[in-house]
Structure formats: C-alpha cells, structure tokens
Amino acid sequence: MATNLDFIKRESADSVSSFTITDIFSANYDVYQVYITGNGSQNVSTLSAEFLDSGGSDIAQGAYDYAILRLDPSSTFGEVPVENGNSFEFMYTGSSDKDFGGLITVYNPFSSSSYTFATIQSMSLQGEKGICVATSTTSATSMKFYANQNFTPIVVSVFGVK
C-alpha cells in the first residue's frame, strides 16, 4: 500500500454521546485512515462507529460483522466476534474516565460495487486489534461515533491514502 497521506478533515466535539463527521469519503481514494483521540466520561465502556450514506443513514444497519481481540495487560486476552451488528466496536475504555486513541483504516467506503472493510487498532484501558465488514454495497460518505456516555472530548482526523 502507498504511504502518502492527504489530509481531508479534522473535527472535534465535547460533552456529546454521538459525533458525526461528514463528507470524508469520496471517489478520490479507495483507502482512508481515520484517527480518533479523546476521553470517555465515567462509565463509557465500549465506543462504536458506523458508516453513513450521503443522507445520513447507516449503510449497514444490522449488517456489520466484526471480530475484535481485546489485549488486556493485566488479564487474559478476550475475543469479541459479532455477526449482523448494528454498528462496530472500535475501542474499549472500561468503566472509568480513560483517554483513548485509535486508528481505523477504511477500505472502499465510497464504492457501490463492493463491501466496506475496516481494520481497527486502538488503545485505552485495553488495546484492541480488529477487522470489520459492512455487508452492504451502499456508498458511504461519513462516519458516526457513539458511546453510552459523553465523550469529553472526541477528535477525529481523516486522511486519504495515495
């Protein structure tokens, strides 16, 4: 894969439980890197994401398949396999106020002839490595991130990969 990154967009929000970054995927690139940093307020636990079409609808509601390996430094590693999920997990912060950082590499999100795939690498209370497929050929233009409590804050930066 090429290693040149083109900056597309950076947005942030504070004290919100969901956050959408719009107009980040287009026909200009096949691969994107989405960097997410921030803090989850107390009891956030799992952070999730979904891909949205140009009208703001989830492209794969009930059709996300993903597998996560949670890398817990103080215990055994845990596997999280999900079929037909309403979204996909990209971070586990635990049940207390934790900073987080992660990278979601997204493949073919704008294509209407193939599924959207993603690889996930993140770190907070536990590290995570994973893979996701949105089993839909609907073209995605945006992403939505959410948690069961507020992000305090969340910062998302998106790059196209040449």
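Before any of the text, the structure's been laid out above.
The shown structure was predicted, so the numbers you read here are calculated from the model rather than taken from an experiment. (Residues numbered from 1 in each chain as written. Predicted model: local features only at pLDDT ≥ 70, side-chain atom pairs only at ≥ 80, totals over all residues. Heavy atoms only, no water.)

Student: Whenever I open this one, the overall build of the protein chain confuses me. Can you help?
Tutor: In terms of regular secondary structure, the protein chain is built from 0 helices and 11 strands. Seen in sequence order, the protein chain has helices and strands lined up from the N terminus as β-β-β-β-β-β-β-β-β-β-β. In terms of C-alpha radius of gyration, the protein chain reaches 15 Å, essentially the compact-globule figure of 15 Å for 162 residues. Principal axes of the C-alpha set define a box for the protein chain whose edges measure 40 × 30 × 30 Å. When each of the 162 residues of the protein chain is scored for burial, the buried share is 48%. Within the protein chain, residue pairs in contact and separated by at least 24 positions form 73% of the contacts whose partners lie at least 6 positions apart. Accessible surface, the protein chain as shown: approximately 7,400 Å² in total, 46% of it carbon and sulfur. (Helix = DSSP H or I, 4+ residues; strand = E, 2+ residues; numbered from the N terminus. Rg over C-alpha atoms; globule rule 2.2 N^0.38 Å. Buried < 20%, exposed > 50% of the residue type's maximum accessible area, 1.4 Å probe, protein only. Contact = heavy atoms within 4.5 Å. Areas by Shrake-Rupley, 256 points an atom, 1.4 Å probe, with all protein chains shown as cover.)

Student: Would you mind going over the pattern of salt bridges with me for this structure?
Tutor: For side chains of opposite charge, pairing can occur when their charged atoms come near one another. Tallying each qualifying case throughout the model produces 4 salt bridges. With a shortest N-O distance of 3.4 Å, lysine 9 and glutamate 11 are connected by a salt bridge. Beyond isolated ion pairs, a larger network of salt bridges with shared partners links Arg70, Glu89 and Glu128. (Salt bridge = Lys/Arg side-chain N within 4 Å of Asp/Glu carboxyl O.)

Student: Honestly, the nonpolar core in this entry has me stumped. Any pointers?
Tutor: Counting residues in each nonpolar core, the largest one holds 37 residues, and the members touching the most others are Phe51, Phe88, Phe90, Ile104, Met143 and Phe145. Take this core: its biggest share by element is 7 residues, from strand S11 (residues 142-161). The residues contacting methionine 143, other than those within four sequence positions of it, are Phe19, Thr20, Ile21, Ile24, Phe25, Val34, Ala49, Glu50, Phe51, Leu52, Phe88 and Ile104. (Core = buried A, V, L, I, M, F, W, Y, C linked by side-chain atoms within 4.5 Å.)

Student: I'm lost on unusual backbone geometry in this one. Help?
Tutor: Only a minority of non-glycine residues have a phi that is not negative, and only a minority of peptide bonds are not trans. Phi at aspartate 23 takes a positive value of approximately 55°, unusual for a residue other than glycine. With respect to the element layout, aspartate 23 can be found in the loop between strand S2 (16-21) and strand S3 (31-40). Within the chain, asparagine 108 stands out as a residue other than glycine whose phi angle is a positive 60°. As for its placement among the helices and strands, asparagine 108 is situated in the loop between strand S8 (98-107) and strand S9 (116-123). When its relative accessible area of 28% is taken as the criterion, asparagine 108 is described as partly exposed.

Student: Please clarify how the packing of aromatic side chains should be interpreted in this entry.
Tutor: How two aromatic rings sit relative to each other is set out by the distance from centre to centre and by the angle between their planes. Inspection of the entire model under this criterion finds 9 aromatic pairs. Consider the rings of tyrosine 29 and tyrosine 32, whose centres lie 5.7 Å apart with planes at 75°: the pair is edge-to-face. Neither tyrosine 29 nor tyrosine 32 differs from the other in exposure class; each is buried. Arranged with centres 5.5 Å apart and planes meeting at 80°, the rings of phenylalanine 90 and phenylalanine 145 form a pair that is edge-to-face. Here phenylalanine 145 lies in strand S11 and phenylalanine 90 lies in strand S7 (residues 88-92), a separation of 55 residues in the sequence. We note that phenylalanine 90, like phenylalanine 145, is buried. The cationic tip of arginine 70 hangs over the ring face of tyrosine 92; the distance from NZ or CZ to the ring centre is 4.1 Å. (Phe/Tyr/Trp six-rings, centres within 6.5 Å; stacked < 30°, edge-to-face > 60°. Lys NZ or Arg CZ within 6 Å of the ring centre and 35° of its normal.)

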